[in-house]
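An overview of the molecular structure
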Amino acid sequence: MVGKLEVAKDTAQVLTESAANHVGRIATIITGAVREIAHEMGEWASDAFEMREAAATAEQSADPEHFTG
């Protein structure tokens, strides 16, 4: 016959394993989210650099001193 102490030990073990499993899944979700956020921020920064370069090019093209036509 299984004693109360063994039942308590088994219950604690199952709860601990379950908690570890869920914490692992949550950590995976958070890690993926952080990675995706970093990627999107990098893409956004790249867009900003490209727009700044395009604006500078357009400004030079519109400057009469740079007109060679």
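These remarks concern the structure in this document. (Residues numbered from 1 in each chain as written. Predicted model: local features only at pLDDT ≥ 70, side-chain atom pairs only at ≥ 80, totals over all residues. Heavy atoms only, no water.)

Each helix and strand in the protein was counted, giving one helix and zero strands. Against the compact-globule benchmark of 11 Å for 69 residues, the protein has a radius of gyration of 30 Å, which places it well outside the compact range. Once the C-alpha set of the protein is aligned to its principal axes, its extents read approximately 100 × 10 × 5 Å. Put simply, the protein shows about 6,400 Å² of open surface, and 64% of that area lies on carbon and sulfur atoms. (Helix = DSSP H or I, 4+ residues; strand = E, 2+ residues; numbered from the N terminus. Rg over C-alpha atoms; globule rule 2.2 N^0.38 Å. Areas by Shrake-Rupley, 256 points an atom, 1.4 Å probe, with all protein chains shown as cover.)

Residues Ile26, Ile30 and Val34 make up a contiguous nonpolar surface patch of about 280 Å² in total accessible area. Within the fold, isoleucine 30 resides in helix α1 (residues 4-62). (Patch = residues over 30% accessible without salt bridge, like charges linked within 9 Å, V, L, I, M, F, W, Y side chains within 5 Å. Salt bridge = Lys/Arg side-chain N within 4 Å of Asp/Glu carboxyl O.)

A surface patch of negative charge is lined by Glu36, Glu40, Glu43, Asp47, Glu50 and Glu53. By the element assignment, glutamate 43 lies in helix α1. (Lys, Arg positive; Asp, Glu negative; His and termini not counted. Charge placed at Lys NZ, Arg CZ, Asp CG, Glu CD.)

What follows deals with the pattern of salt bridges. Inspection of every chain in the model, using the stated rule, returns one salt bridge. Aspartate 10 is paired through a salt bridge with lysine 9; the nearest N and O atoms lie 2.6 Å apart. With a relative accessible area of 45%, lysine 9 lands in the partly exposed category. (Buried < 20%, exposed > 50% of the residue type's maximum accessible area, 1.4 Å probe, protein only.)

With respect to the helices and strands, alanine 27 occurs in helix α1. Take alanine 27: its relative accessible area is 37%, and that puts it in the partly exposed class. Remark: the alpha-carbon pair of alanine 27 and valine 7, spanning 20 residues in sequence, is separated by 30 Å.

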